[in-house]
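The primary structure of each chain is shown beneath.
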Amino acid sequence: MYQFSRAIYRELAPRILPPPLGAPAMRNRVAVLHACEDAITRLAIDRHNFARPERTLFCDIRSYFPMWAQGEVHRVVSRYVGYAQQFLVEHPHEGYTAVNGAPPHCRATTRKGTDCQRTPLPRNGYCPSHQHLADTEDRELVAA
Ligand SMILES: [Zn+2]
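Residues numbered from 1 in each chain as written. Predicted model: local features only at pLDDT ≥ 70, side-chain atom pairs only at ≥ 80, totals over all residues.

### Some details on the domain arrangement of the protein
Put simply, the test is: Each domain's extent was defined by an automatic or database domain assignment.
According to the domain assignment, the protein contains domain 1 (2-100) and domain 2 (105-144). One C-alpha centre belongs to domain 1, the other to domain 2; they are set 28 Å apart.

Here it is, written out as structure tokens:
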């Protein structure tokens, strides 16, 4: 998964503003790289609860770039976040395992209060036994 965050960083690194005098020389570059990694990690682990990831990442990093580069920053972020989302639609378990080190499990909690350990369906992150929770969630979203 981190090939996506590294690709964003590599394309944008030449445009990153220098940090203010007295700050560590790499400060802004490290901040941009971490923001990209955080967004990709969250996308891979919890994409069902991550609305508009390209907007979130763009807002997190835009202050590290000059005004004239904002349009380009937005385009690069949108493009690679789009690639990452496409990859996760096709390979949800591989994406999750790559950032988490362990395969995904169902988003539901069992009656004992522990996480359900069954393999989730890619479309909503719930296992077959907990699909009714996804339906409830959809209704709540519509109501809200
Ligand atoms: Zn379950």
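From this point, things continue past the structure.
### Considering unusual backbone geometry
Rules: Helix and strand definitions follow DSSP, with helices as H or I runs of at least four residues and strands as E runs of at least two, each counted in order from the N terminus. Here a residue counts as buried when 20 or more other C-beta atoms sit within 10 Å of its C-beta, as exposed when there are 12 or fewer, and as partly exposed otherwise, the C-beta atoms being derived from the backbone.
Here R52, not a glycine, exhibits a phi torsion of approximately 50°, which is positive. Here R52 lies in the loop between α2 (27-46) and α3 (53-61). C-beta crowding within 10 Å serves as the criterion here: with 10 such atoms nearby, R52 is assigned to the exposed category.

### Section: the packing of helix α1 (residues 2-12) against helix α4 (residues 70-90)
The test is simple: To obtain each axis, a line is fitted to C-alpha atoms, and for helices this fit is confined to the stretch in contact; angles are then taken between N-to-C directions over 0 to 180 degrees. Put simply, angles under 35 degrees are roughly parallel, angles over 145 are roughly antiparallel, angles from 65 to 115 are roughly perpendicular, and the rest are oblique. Less than a right angle of anticlockwise turn of the near helix away from the far helix marks a crossing as left-handed, whereas a clockwise turn marks it as right-handed. Residues are scored as being in contact if the C-beta atoms we place from backbone atoms lie within 7 Å. Charged residues are taken to be Asp, Glu, Lys and Arg, nonpolar residues to be Ala, Val, Leu, Ile, Met, Phe, Trp, Tyr, Cys and Pro, and polar residues to be all remaining types, Gly included.
Taken N-terminus to C-terminus, the directions of α1 and α4 make an angle of 165°; their axes are 9 Å apart at the nearest point. In terms of axis orientation, α1 runs roughly antiparallel to α4. Note on packing geometry: the crossing formed by α1 with α4 is right-handed. In this structure, α1 contributes F4, A7, I8, E11 and L12 to the contact, and α4 contributes V73, V76, V77, Y80, Y83 and A84. Residues belonging to the contact of α1 with α4 are distributed by class as follows: 10 nonpolar, no polar and 1 charged.

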